[in-house]
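Chain by chain, the residues:
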Amino acid sequence: MKTLKLLTLLVNFYFLSFSQNIDKYNPKTYKLTDVCLSAEEGKLYDMINEYRKQYNLPKIPSSRSLTYVAQLHVWDLNVNKPNSKTSCNMHSWSDNGSWTACCYTSDHAKASCMWGKPRELTNYTGNGFEISHGTFGYNANAESALKGWKNSSGHNNVIINKSIWADNKWNAIGIGISGGFAVVWFGTAEDTETKPGKCED
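Residues numbered from 1 in each chain as written. Predicted model: local features only at pLDDT ≥ 70, side-chain atom pairs only at ≥ 80, totals over all residues. Heavy atoms only, no water.

## Topic: the packing of helix α2 (residues 39-53) against helix α6 (residues 142-150)
- Contact pair α2 / α6: the axes reach a minimum separation of 9 Å and the direction vectors enclose 35°. Judged by the twist between their axes, the crossing of α2 over α6 is right-handed. Side by side, α2 and α6 meet where Glu40, Lys43, Leu44, Met47, Ile48 and Tyr51 of the first sit next to Ala142, Glu143, Leu146, Trp149 and Lys150 of the second. (Axes fitted to C-alpha atoms, helices over the stretch in contact; angles between N-to-C directions. Helix = DSSP H or I, 4+ residues; strand = E, 2+ residues; numbered from the N terminus. Left-handed = near helix turned anticlockwise from the far one by under 90°. Contact = heavy atoms within 4.5 Å.)

## With respect to the packing of aromatic side chains
- Evaluated as defined, the whole model comprises 10 aromatic pairs.
- Ring plane angle 45° and centroid distance 5.9 Å describe the contact between Phe129 and Trp170, whose orientation is recorded as tilted. Here Phe129, found in strand β2 (residues 129-134), pairs with Trp170, found in the loop between α7 (153-159) and β3 (172-178); they are 41 residues apart in sequence, far enough to count as distant.
- Residue classification places Phe129 among the buried positions, given a relative accessible area of 14%.
- In textbook terms, an aromatic cluster arises when at least three aromatic residues are bridged by ring pairs, as seen for Trp115, Phe129, Trp165, Trp170 and Phe186. (Phe/Tyr/Trp six-rings, centres within 6.5 Å; stacked < 30°, edge-to-face > 60°. Buried < 20%, exposed > 50% of the residue type's maximum accessible area, 1.4 Å probe, protein only.)

## Some thoughts on the sheet that holds β2
- The strand order across the open sheet built from three strands is β2-β4-β3, with neighbouring strands paired in antiparallel fashion. Each edge of the sheet is formed by a strand with only one pairing partner; in this case those strands are β2 and β3. Ignoring strand direction, the axes of neighbouring strands in this sheet form an average angle of 10°.
- Pairing of β3 with strand β4 (residues 181-187), which is carried by seven bridges, proceeds in the antiparallel orientation. The residue bridging Ala172 from the neighbouring strand is Gly187, located in β4.
- Across the sheet, α2 touches β3 and β4, and the angle it forms with β3 is around 140°.
- Running over the sheet, α6 touches β2, β3 and β4 and is turned about 115° from β2. (Pairing = 2+ DSSP bridges.)

## Quick word on the environment of Asn78
- On the secondary structure map, Asn78 appears in helix α3 (residues 64-79).
- In this structure Asn78 comes out as buried when scored by relative accessible area, which is 2%.
- In sequence terms Asn78 and Asp23 are 55 residues apart; their C-alpha atoms lie 9.5 Å from each other.
- At 2.7 Å, the side chain of Asn78 and the backbone oxygen of Val74 are in polar contact.
- Of the polar contacts made by the side chain of Asn78, one reaches the backbone oxygen of Ser178; its length is 2.8 Å. (Polar contact = N/O pair within 3.5 Å; in protein donor to acceptor, adjacent residues only side chain to side chain.)

## A few points about the state of the cysteines
- What the rule picks out here adds up to three disulfides.
- There is a disulfide in this structure between Cys36 and Cys199, and the S-S distance comes to 2.1 Å. Across the S-S bond of Cys36 and Cys199 the torsion is about 100°, and the bridge reads as right-handed. One end of the pair, Cys36, is in strand β1 (residues 36-37); the other, Cys199, is in the segment after β5 (197-198), and 163 residues separate them in sequence.
- Each sulfur in the disulfide pair Cys102 and Cys113 lies 2.1 Å from the other. (Disulfide = S-S within 2.5 Å.)

Everything listed here is a matter of coordinates, which is why it stays silent on function.
Printed below as a string of structure tokens:
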């Protein structure tokens, strides 16, 4: 009986923490000025730059604007599940926010929906390019996300500027990790906003 009660408490604590973590990025209350990197987001930022260093690539400046877009997107993925339809992948956005909704399909027909999100949601002037990882009910983290991307040639090429990304210089990067999802946004334009610091909690 004691074991069952303890297990119940642990499960309740996990789902409460899970819910609070997701709700932090609710666009109704979360603003660009609130942006900071959680411990896990900061860890992924450092891991990506350390990985790039192995290829003699420069460190990508952390972007407040792209981080805001990333954090709003993980909220949308967790709460509204725009990727729940068979044809819609994790680059999709729901119609429950101040952004253009889209079902992003594998043929990239809706690519402009991704590219334009930073301009829709912030004063960032360039396009945004996203890599995503996770699923609903999963506990996304920095290590599993980067491992998954490194094992996928398409995602790996974005991170280390290979193949079709070879001529791009990433001058901004934004990271969002919450609930079951981790996303990273890359941009060639510099972000004029101040860089995000580490979250205090």
